[in-house]
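Descriptive analysis of the structure
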Amino acid sequence: MKLYLFPPSGRVLGIVALKNHLALDCEVQPIDLGRGDQLSPQYLALNPNKKMPTLEDDGFVLWESNAILFYMAAKHPEEGLWPSDLKGQADVLRWLAWESAHWDAESCGMVAYEKSSKAVLGPGPRDPAFIAHGEQNFIRFAAVLNDTLRGKTWLVSERLAIADFSVGGTLDYPSAICGSKLVIKATTSLRSGSATLNESSVVVP
Ligand SMILES: N[C@@H](CCC(=O)N[C@@H](CS)C(=O)NCC(=O)O)C(=O)O
């Protein structure tokens, strides 16, 4: 198995944490977005979106970080990170979709793109209106995360699942990107190889 990653990205944190948690034998190929590695013909043949992450496994190529989390977890059903029951699966899928559609695209990732990715990728100056919109969305969606995690350790039921790696991986975004203006506090231990989401709280100015 091989992963193509740009390590500074929050998306990468969840994937690397899962790789470590499952002790996967996996080669990591850095994709330097600032240098334009994502635009090389070899990489475009794998991921025509010109984005990372990408996974390659025995000729099978997969992009989209949440699909990659699913693939790695489902290859190791004994770890139980992808539930076996219908309702558990639907609940995990709910959080993967939420992370992708709202947490990433509409709030954290949107602000991160304006405040930091643009400087790396170079498509022009920050758009303050976009940042303001992303911060408004952040308040809305972080409240959902808060309410879900109140008194709980994991997002789904009472056990670790790939939903925790997906959402937990991007929890560093708000404090890093939004600075003192919007701060989310959550107990995460992703770097040590396992995810813990606990007592999340959002501080809004
Ligand atoms: N929905 C995709 C988003 C991937 C994405 O936006 N990756 C960014 C870095 S965090 C990227 O590669 N950007 C390069 C570019 O847009 O040129 C996923 O979850 O994998």
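Preceding block: the structure.
As the structure is a prediction and not an experimental result, all values here were calculated from the model.

Here is what the cut-offs are and how they apply
- Residues numbered from 1 in each chain as written.
- Predicted model: local features only at pLDDT ≥ 70, side-chain atom pairs only at ≥ 80, totals over all residues.
- Pairing = 2+ DSSP bridges.
- Helix = DSSP H or I, 4+ residues; strand = E, 2+ residues; numbered from the N terminus.
- Right-handed = clockwise from strand over helix to strand, strands pointing away.
- Near = placed C-beta within 6 Å.
- Nonpolar A, V, L, I, M, F, W, Y, C, P; charged D, E, K, R; others polar.
- Axes fitted to C-alpha atoms, helices over the stretch in contact; angles between N-to-C directions.
- Buried ≥ 20, exposed ≤ 12 C-beta atoms within 10 Å, placed from the backbone.

1. Looking at the pairing of strand 2 (residues 27–30)
In this sheet, strand 2 lies alongside strand 1 (residues 2–5) in parallel orientation, the contact comprising four bridges. Looking at the pairing, L3 lines up with V28 of strand 2. Regarding topology, helix 1 (residues 10–21) serves as the crossover connection from strand 1 to the parallel strand 2, and that connection is right-handed.

2. Re the site of the ligand
Near the ligand you find S9, R11, L33, Q38, K50, K51, M52, P53, E64, S65, S100 and L121, and these make up its full shell. Taken together, the residues of the shell around the ligand break down into four nonpolar, four polar and four charged.

3. Description of the sheet that holds strand 2
If you walk across this open sheet you meet the four strands as 2-1-3-4, and the pairing is mixed. With one partner strand each, in any of the chains shown, strand 2 and strand 4 (60–63) form the two edges of the open sheet. Shown here is a sheet whose adjacent strand axes are inclined to one another by a mean of 20 degrees, direction ignored.

4. Things to note about the environment of T153
Here T153 shows up in the loop between helix 5 (128–149) and helix 6 (162–169). In sequence terms T153 and D164 are 11 residues apart; their C-alpha atoms lie 9.5 Å from each other.

5. Observations regarding unusual backbone geometry
Glycine aside, a negative phi is what most residues show, and trans is what most peptide bonds show. In this chain, M52 is followed by P53 through a cis amide linkage whose omega measures 5 degrees. Mapping P53 onto the fold places it in the loop between helix 2 (41–46) and strand 3 (54–57). Not every positive phi belongs to a glycine, and A23 is a case in point at roughly 50 degrees. Looking at the element boundaries, A23 is found in the loop between helix 1 and strand 2. Classification of A23 by C-beta neighbours within 10 Å gives exposed; the count is 9.

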